[in-house]
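# Examining the three-dimensional arrangement
Take a look at the letters that make up each chain.
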Amino acid sequence: MKIRSIKLREAHKNSNGNGSFCSILWDLQAQHIVTSSSSDPSICIHDPLLLSSAPRILRNHRDGVTSLALSPNSTCLASGSVDHSVKLYKFPGGEFQTNITRFTLPIRVLGFNKSGSMLAAAGDDEGIKLINTIDGSIARVLKGHRGSVTGLGFDPKSEYLASLDSAGTVIVWELQSGRALHTLKGIAPDTGLDFSLMNIVCWSPDGEMLAVPGLKNDVVMYDRDTAEKLFSLRGDHVQRICFLSWSPNGKYMATSGLDRQVLIWDVDQRVDIDRQKFDDVICCMAWKPTGNALAVIDAMGKYGIWDSAVPSSMKSPTEGIPDLQSKNSNGLLFFDEEEEEEPNISGSLSDLGEDSHGESQPTSRKRLRKQSFSDVDEGTSDELNLLPKDASRKRPSHNHKERIKKRKDVQMSTTTSVGSKLQEAFQPGCTPTQPGKRRFLCYNMLGSITTIEHDGYSHIEIDFHDTGRGPRVPAMTDYFGFTMAALNENGSVFANPCKGEKSMSTLMYRPFSSWANNSEWSMRFEDEEVEVVALGTAWVAAVTSLNFLRIFTEGGLQRNVLSLDGPVVTAVGFGDELAVVTHASPSLPSNDQMLEFRVFNIRHGTQPIRGRLPVTPGSYLTWFGFSEEGKICTFDSKGVLRVFTDQYGGSWLPLFSSTKVRKPEENHWVVGLNASKLFCVVCKSPDTFPQVIPKPVLNLMDLSFPLASSDLGADNLENEFILHNLHLSQINKTIEEMMSTGQDTTSLDDEAFKMEASLDRCIFKLIASCCNGDKLVRATELVKLLSFEKSVKGAIELAKNLKLPNLAERFTTIQEERLLNESKAATAFPVTNLGSDTSHKSDFAIRKSISPLESSYDSKPAIPSPSQKLTSPPFMKKGISEAVAKAGKAKVKQGQTANLENVGEVKNDVQLKNAGEVKNVEVKKTGEENKLQTCPSNSFAKSSDVQLQNAGEVKNGEVKKTGEAKNPFAKSSNKQEKSSLFDSLKKKNVK
């Protein structure tokens, strides 16, 4: 067999000259090679196409790097060191992320599971740490080895973890229970205290065999289920094997020995097919994921690439790679491996279809699973040998945590199709866990709740944006490990999922003030865990993994338990209302989420709203909440904000799109919104959430509809027009609801008037743009939307000034038709008793008869119809309603009596009291400039020959002008309106 030489390049300098353990690995796309050395604190990232170019160097450790691990999707790099720390980096950029854990002694080996959601770390310390890379928590510590752990390997099927120590003992752990299933003592060489070369274990890519260096300079294969010895690879190695690596398809294996040889094996044929001799011992190797090549590094820190490691006449090492699911064959997961689509710091993204099989796979194995020992104590497990082959292994009983996982996975497997993924539950305003850093449990328009872990417990602080609202809330020591919270003016609620074998999910409520000494309370849950919490007025809600909506009173009374239709996504509270989002059905093959929302009124025990919740195609929900006005709002990962309104029977309006306003390197993290502004934190990419320190800065974004580019060129005005109409309809709806319950609506009446004036100003500008752009039909449509008579007159004058006589004539026709319709509407709703306090009722009747959106785009006389929702109110709405209200409350002064006739069919004598402006005066006719011919719509005139004095400029004993505003959008004061009404009635009596 021809021996080929491979050129090695220096990656790390070896100062002691005795050799050190060095590591090498490829990334997923074979675009980078990463190397490290136990005698060098730096990590090098090389370009395999340009080996001569300088590598990117990461210098974050204080001592030599003993181990490297790369997440399966190659977005996160982990490193362990003699300095006792495990660090995470973004890859391939190399930006340092965090110290995810620390040991008391040097670390020797690291390993990610298939999904990247878990990192195993071990070394000279007693115990193997299983670290949840999603939140940095230590899920479990596996203890059983007597010496330093030098080899770790996750089963590709995510069922087992195999570990090997320096004494040559192999232990196979079951991840679900954390128990040692098989303990194989002394089957590998005893390396003692020489850590320049370490024992290693490696699972075959299909997960059916475990490869371990043997005692006879060979490699021994063990069965995954029974731990039986299957066969061994024995060839021309004359000294013990110190490293081995499976090819991606599992057909070949590379082994290196102390004899400085590297052999390539055909595993099926159990023969070596190629070999290479080196100057120093090769201590680490890695197969290229996308080609026929093997990267090697020796104990002196020199590395190189062995191209065509497998002869070209044979099957490629990347052909026929097994496609395994990371789910156990019985449908259980140890960790929740379906994460959101955005990569987190660990880079763990679940593979498509990872949960597609679930319970559909049979629980039986290809071979009968057997065990080496039954239920035994940890102290005696090492002395037990394998049981006979026909002894079946007893399955460990599941604790409540495992039962929760099983139930959740069964639910996911029965509702998720191949290639699709359901969005996991999230808490609005909560940020992901970052080890060693403070994070938000809750952040909303009121304040924030932050936490940081320290020495096994957490420190929680509550801060309000308005520091003057009251005394500061004392900090809290958290022994439960809360991961979510909700906050309102009265208190805060916290919850945590199950953590570990014995921990139960906990819900705790803390009021900010109470007359009782001990008003704090908590609840514990067995066989279920809290996934989302919400808080409202005098109630607390929690949604659990059993799809139970649990409602509690503020004092801790369990009030109701409801079953939801699907897995929860999120929930939020506002006053008496609780809004919950659930999955309505499995997601589409394109991963589009099918969501449903419900709104519960907790006080009345009703469900006023229920429907589908839209998200942008290809996105998922990132925020859910209420606006300051109590409207339900959503924000998705594509940056679209939607608000639910009752228009068109209940519809979602897209009020903001971040793609139009944000820069490419920015992300918007939503906090809340009001009627006109969106409050968010702008994060720099790739960050999608803010840090606690420095304190986030809220940015105000203008709400705007994603309108099409108009040929008018007035997109901003059109957007303002739609927003004003939306706001006005909300105000009018609130007024109607308050009046139906007898509440005072004075403040809202003023707000509605101001909004109508603002809307008229916007419409007037649009009319001007239409006239200038020769869009006369559109201008005619806009005139019909004006609320005030003076606004229409202004539009007529505008058309005349722009030399558009036909348009001015059409505007005039529209004005006359509306006045006629107003007269008919006023006659249809007569006031039956002005002397009684019925002003609110009459005003409400007129408001109901003339809806704020009623009109017609037709030039024919418009007849108000409940089905029409197109325009703003006609002119007479406020004038008549306010006049009737004031006339009904007037009294007699100085014997002056006014007869109010023909208001509908009722005639009443109303005695008015002059407000002090008109005393013993005579009404005189002062010319045409001081007259106002009564409009046909004026319900206070019987015929056209009755003229009303319109607050003209009458001096020297004449009726004084009551302040007619030159601004067509200005609102007259109550005092002025009362004087104007008196003058009108006085004029009628004189005539």
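Just so it is clear, the model here is predicted, and its values are computed rather than measured.

### Details of the overall build of the chain
Counting its regular elements, the chain contains 10 helices and 55 strands. Contacts in the chain between residues far apart in sequence, at least 24 positions, make up 52% of those at least 6 positions apart.

### Digging into the pattern of salt bridges
Under the criterion given, the structure shown has 25 salt bridges. Close ionic contact of Asp155 with Arg224 constitutes a salt bridge, the shortest N to O distance being 2.8 Å. Here Asp155, found in the loop between strand E14 (149-154) and strand E15 (160-165), pairs with Arg224, found in the loop between strand E20 (219-223) and strand E21 (229-233); they are 69 residues apart in sequence, far enough to count as distant. Comparing Asp155 with Arg224 shows no difference in burial state: the two are buried. For the salt bridge of Glu596 with Arg610, the shortest nitrogen-to-oxygen distance reads 3.2 Å.

### Observations regarding the packing of helix H4 (residues 746-772) against helix H6 (residues 789-801)
Interhelical geometry of H4 versus H6 gives an angle of 15 degrees and a closest axis separation of 11 Å. Taken together, the axes of H4 and H6 are roughly parallel relative to one another. The hand of the H4/H6 crossing is right-handed. Contact residues: H4 offers Asp760, Phe764, Ile767 and Ala768, while H6 offers Ser791, Gly794, Ala795 and Leu798. Each residue belonging to the contact of H4 with H6 can be placed in one class, and the counts come to five nonpolar, two polar and one charged.

### Points about the packing of aromatic side chains
One pass over the structure, following the stated rule, counts 16 aromatic pairs. Each member of the aromatic cluster is reached from another via a ring pair, and the members are Phe440, Tyr443 and Trp669. A cation sits over an aromatic face here: Lys129 above Phe103, 4.5 Å from the ring centre. A cation over a ring is seen here: Arg270 above Phe231, with NZ or CZ 4.0 Å from the ring centre.

### Looking at unusual backbone geometry
At the junction of Phe91 and Pro92, the peptide bond is cis and its omega measures out at 10 degrees in the coordinates. With respect to the secondary-structure elements, Pro92 resides in the loop between strand E8 (85-90) and strand E9 (96-102). Note the cis peptide between Ile693 and Pro694, where omega equals 0 degrees. Tracing the chain through its elements places Pro694 in the loop between strand E50 (677-684) and strand E51 (698-702). Look at Ser158: it is not a glycine, yet its phi comes out positive at around 60 degrees. Within the element layout of this structure, Ser158 appears in the loop between E14 and E15. On the basis of relative accessibility, which here comes to 6%, the residue Ser158 falls in the buried class.

### Description of the packing of helix H3 (residues 715-740) against H4
It is at 9 Å that the axes of H3 and H4 come closest, and there the two elements cross at 155 degrees. Looking at the two axes, H3 sits roughly antiparallel to H4. Judged by the sense of rotation from one axis to the other, the crossing of H3 with H4 is left-handed. Grouping the constituent residues of the contact of H3 with H4 by class yields 13 nonpolar, seven polar and six charged.

### Looking at the sheet that holds E14
Read across the sheet, four strands follow the order E14-E15-E16-E17 without closing on themselves; strand pairing throughout is antiparallel. With partners counted over all chains shown, the strands left at the sheet margins are E14 and strand E17 (180-184), one partner each. Sheet twist, expressed as the mean angle between neighbouring strand axes with direction ignored, is 15 degrees.

### A look at the pairing of strand E11 (residues 118-123)
Of all the six residues making up E11, six are buried; the element is thus mostly covered by neighbouring parts of the structure. Where burial is concerned, the two faces of E11 agree: the one with Met118, Ala120 and Ala122 and the one with Leu119, Ala121 and Gly123 are both buried. As defined by bridge partners, strand E10 (residues 107-112) adjoins E11 across five bridges and the pair is classed as antiparallel. In the strand pairing of E11, Leu110 is matched with Ala121. In this antiparallel pair of consecutive strands, E10 and E11, the connection spans five residues, and Gly116 shows a positive phi of 85 degrees. Inspection of the sheet shows E11 paired to strand E12 (residues 128-132) by four bridges, in the antiparallel sense.

### Here's the deal with the environment of Gly178
Among the structural elements, Gly178 can be located in the loop between strand E16 (170-174) and E17. In sequence terms Gly178 and Tyr160 are 18 residues apart; their C-alpha atoms lie 9.3 Å from each other. Excluding residues that lie within four positions of it along the chain, Gly178 makes contacts with Arg140, Leu142 and Trp173.

### Observations concerning the confidence of the model for the chain
Here the chain averages 77 in pLDDT, while 73% of its residues score no lower than 70. Between residues 876-991, whose pLDDT stays under 50, and residues either more than four places distant or in other chains, the model counts 177 contacts.

### Description of the state of the cysteines
In the structure shown here, the tally under the stated rule is zero disulfides. Of the cysteine sulfurs around Cys242, a residue in no disulfide, the closest is that of Cys283, at 7.3 Å. Cys242 sits in the buried class, given a relative accessible area of 2%. Unpaired in this structure, Cys771 has its nearest cysteine sulfur neighbour in Cys770, at a distance of 6.9 Å. Assessed through its relative accessible area of 10%, Cys771 is described here as buried.

### Structural notes on the sheet that holds strand E13 (residues 138-142)
Ordered in space as E10-E11-E12-E13, the four strands form an open sheet in which the pairing is antiparallel. Each edge of the sheet is formed by a strand with only one pairing partner; in this case those strands are E10 and E13. Averaged over neighbouring strand pairs, the angle between their axes works out to 20 degrees when direction is ignored. Pairing of E12 with E13 involves four bridges; the strand directions are antiparallel. Across the sheet, Ile131 pairs through a bridge with Ile138, a residue of E13.

### Regarding the nonpolar core
In terms of nonpolar packing, the biggest core is built from 51 residues, with Met221, Met253, Ile264 and Leu294 touching the most fellow members. Sorting elements by how many residues they give to this core places strand E26 (residues 282-287) first, with six residues. Leu294 has contacts with Ala254, Val262, Ile264, Met285, Ala286, Trp287, Gly304, Ile305, Trp306 and Ala309, leaving out every residue within four places of it along the chain. Counting residues in hydrophobic clusters, the runner-up holds 33 residues, among them Met739, Leu748, Ile763 and Ala799.

Reading the values: the criteria
Residues numbered from 1 in each chain as written. Predicted model: local features only at pLDDT ≥ 70, side-chain atom pairs only at ≥ 80, totals over all residues. Heavy atoms only, no water. Helix = DSSP H or I, 4+ residues; strand = E, 2+ residues; numbered from the N terminus. Contact = heavy atoms within 4.5 Å. Salt bridge = Lys/Arg side-chain N within 4 Å of Asp/Glu carboxyl O. Buried < 20%, exposed > 50% of the residue type's maximum accessible area, 1.4 Å probe, protein only. Axes fitted to C-alpha atoms, helices over the stretch in contact; angles between N-to-C directions. Parallel < 35°, antiparallel > 145°, perpendicular 65-115°, else oblique. Left-handed = near helix turned anticlockwise from the far one by under 90°. Nonpolar A, V, L, I, M, F, W, Y, C, P; charged D, E, K, R; others polar. Phe/Tyr/Trp six-rings, centres within 6.5 Å; stacked < 30°, edge-to-face > 60°. Lys NZ or Arg CZ within 6 Å of the ring centre and 35° of its normal. Pairing = 2+ DSSP bridges. pLDDT = per-residue confidence, 0-100. Disulfide = S-S within 2.5 Å. Core = buried A, V, L, I, M, F, W, Y, C linked by side-chain atoms within 4.5 Å.

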